[in-house]
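These are the residues of each chain, in order.
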Amino acid sequence: MRAMLSDDPRDILRFAVNAYREGRVALAILVDIRGGAARALGSQVVVAADGRFSGYVSGGCVEAAVAAEALLAMETRSDRMVSFGDGSPFLDIVLPCGGGITVAIHVLRSVDIIEYVLQSLAQRKSAGLKYEPERQALTSIEPPERAGVKDGNVYLVYRPVTRVIASGQKSETQSVQKIAVASGYEVLLCEQNERTAELGQHIDAYTAFILLHHDLDQETKVLDIALRSSAFYIGALGSFNTHRRRIERLSEFGYTACEIDRINAPIGIFGPARDSATLGLSVLADVAKKRSQRYP
């Protein structure tokens, strides 16, 4: 029985920690994809001893079967590899995409390492784990560039949730906030250049900086902070003509072409947006796209 619908790694790992207090727990990891698949390598399902599970390794079509296999692994206290879809012995389980997947099921002996990952994410630090099927061991490692399988071992990476800093007019920043919160992002509003002095401490490599000002002078202080930061995304409102003037101003202020090229402008993936809700959708879609490109 599915315990929750969330695919947020933090929710899945918290479920593992809580379930471990009541009994055995298994971690199922997507380690191979044949053809099409709904989830990326490294996607996970946590299964409790009572049959409840959380997470996804597909679009939802095989998770109950994964949970059943995890219960068998917990009963025998032995890890296992199970295939579904194309190339699988389970003829009655067919993936809608027509492909196949292989899932590694690891019976947790402790949740200390899971708690370490959760603590790292709470501190906005990335974390890495390595699963070794031969040793049936899960260990902490430096975060890999991306999840995957190498030399028979499985490498997992966990990264902090996207943080959005939005600066500009209240109606537009609040529309961004509503959509961002619904998407599971953290949000910090900085309306009309307020709170600029404290912005620097909130910016890291998983931060998206959104400037929704209608005047180049109003955005100057915030844009300066953004360009000097490690934010993975900087977007600024305005037409192509406005951005051309922005480039000229920044060049006069001494910014290099490389620094200026970090700015996504006109902001968003489509336009023009004539209302704040449409603008928010356009901008956050661009943020999601850039995040997936930067951290695949």
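Conventions we followed
- Residues numbered from 1 in each chain as written.
- Predicted model: local features only at pLDDT ≥ 70, side-chain atom pairs only at ≥ 80, totals over all residues.
- Heavy atoms only, no water.
- pLDDT = per-residue confidence, 0-100.
- Helix = DSSP H or I, 4+ residues; strand = E, 2+ residues; numbered from the N terminus.
- Patch = residues over 30% accessible without salt bridge, like charges linked within 9 Å, V, L, I, M, F, W, Y side chains within 5 Å.
- Areas by Shrake-Rupley, 256 points an atom, 1.4 Å probe, with all protein chains shown as cover.
- Salt bridge = Lys/Arg side-chain N within 4 Å of Asp/Glu carboxyl O.
- Buried < 20%, exposed > 50% of the residue type's maximum accessible area, 1.4 Å probe, protein only.
- Pairing = 2+ DSSP bridges.
- Expected span 1.5 Å × (residues − 1).
- Contact = heavy atoms within 4.5 Å.
- Polar contact = N/O pair within 3.5 Å; in protein donor to acceptor, adjacent residues only side chain to side chain.
- Axes fitted to C-alpha atoms, helices over the stretch in contact; angles between N-to-C directions.
- Phe/Tyr/Trp six-rings, centres within 6.5 Å; stacked < 30°, edge-to-face > 60°.
- Lys NZ or Arg CZ within 6 Å of the ring centre and 35° of its normal.

Caption draft 1: Spotlight on the confidence of the model for the chain. Of all residues in the chain, 93% attain a pLDDT of 70 or more, and the chain-wide mean is 91. In the model of the chain, strand β11 (residues 186-191) stands out as the element of lowest mean pLDDT, 86, in contrast to strand β6 (residues 127-132), which has the highest, 98.

Caption draft 2: Layout of a nonpolar patch on the surface. A cluster of nonpolar side chains, contributed by I269, F270 and L281, occupies part of the molecular surface with about 290 Å² of accessible area. Mapped onto the fold, F270 is located in the loop between β14 (263-264) and α8 (276-294).

Caption draft 3: View of the pairing of strand β2 (residues 44-48). Of all five residues in β2, five are buried, a share of seventy percent or more. The two faces of β2 match: Q44, V46 and A48 on one face and V45 and V47 on the other face are all buried. Pairing of strand β1 (residues 25-34) with β2, which is carried by five bridges, proceeds in the antiparallel orientation. Each bridged residue has a counterpart across the sheet, and for L27 the counterpart in β2 is V46. Pairing of β2 with strand β3 (residues 53-55), which is carried by three bridges, proceeds in the antiparallel orientation. Directly across from V46, in β3, lies its bridge partner S54. Adjacent in sequence and paired antiparallel, β2 and β3 are bridged by four residues, among which G51 carries a positive phi angle near 95°.

Caption draft 4: Molecular detail of the pairing of strand β7 (residues 137-141). For β6 and β7, the ladder comprises five bridges, and the chain directions are antiparallel. From the neighbouring strand, G128 faces β7, where its bridge partner is I141. From the end of β6 to the start of β7, which pair antiparallel, there are four residues, and Q136 there has a positive phi angle of about 50°.

Caption draft 5: A look at the pattern of salt bridges. Taken as a whole and assessed by the stated rule, the structure comprises 16 salt bridges. In this structure, R52 engages E22 in a salt bridge whose closest nitrogen and oxygen atoms are separated by 3.6 Å. Placement of R52 in the loop between β2 and β3 and of E22 in the loop between α1 (9-20) and β1 is noted, with a sequence separation of 30 residues between them. Judged by its relative accessible area of 24%, R52 falls in the partly exposed class. On the basis of relative accessible area, E22 is assigned to the exposed category, the value being 64%. Put simply, R124, R163, E186 and D204 are held in one network by salt bridges that share partners.

Caption draft 6: Spatial organisation of α8. Here α8 is 19 residues long and its end C-alpha atoms lie 27 Å apart, about the 27 Å a rise of 1.5 Å per residue gives. Considered for burial, the residues of α8 that qualify are L279, G280, S282, V283, L284, D286, V287 and R291. In the core, the buried residues of α8 are packed alongside β10 (163-168), α4 (170-182), β12 (207-212), β13 (233-236) and β14. You can read the cap of α8 off the contacts: a side-chain oxygen lies 3.2 Å from the backbone nitrogen of A277, and it is on D275.

Caption draft 7: A look at the sheet that holds β7. Here four strands make up an open sheet; going across it, the order is β7-β6-β9-β8 and the pairing antiparallel. If you trace the sheet from one side to the other, it starts and ends with β7 and β8 (148-150), each paired once. Along the sheet, successive strands turn relative to each other by an average axial angle of 25°, direction set aside.

Caption draft 8: Main features of helix α6 (residues 240-252). Its 13 residues place the ends of α6 18 Å apart at the C-alpha level, agreeing with the 18 Å of an ideal helix rising 1.5 Å per residue. Taken together, the buried residues of α6 touch α5 (216-227), β13, α7 (257-260) and β14. After α6 finishes, the residue G254 shows a positive phi value of roughly 100°.

Caption draft 9: Up close: the packing of aromatic side chains. If you walk through the whole model with that rule in mind, you get two aromatic pairs. Measuring from centroid to centroid gives 4.8 Å for Y206 and Y295, while their planes differ by 35°, and the two rings are tilted. Highlighted residues: Y206 in the loop between β11 and β12 and Y295 in the segment after α8, separated in sequence by 89 residues. The burial state of Y206 is the same as that of Y295; both residues are buried. Pairing F232 with Y295 gives two aromatic rings, centres 6.3 Å apart and planes at 70°, and the pair type is edge-to-face. Residue F232 is located in the loop between α5 and β13, and its partner Y295 is located in the segment after α8; the two are separated by 63 residues in the primary sequence. Ring-pair connections join several aromatic residues into one group, and the members of that group are Y206, F232 and Y295. If you follow R2 out to its NZ or CZ, it ends over the ring of Y56, 4.0 Å from the centre.

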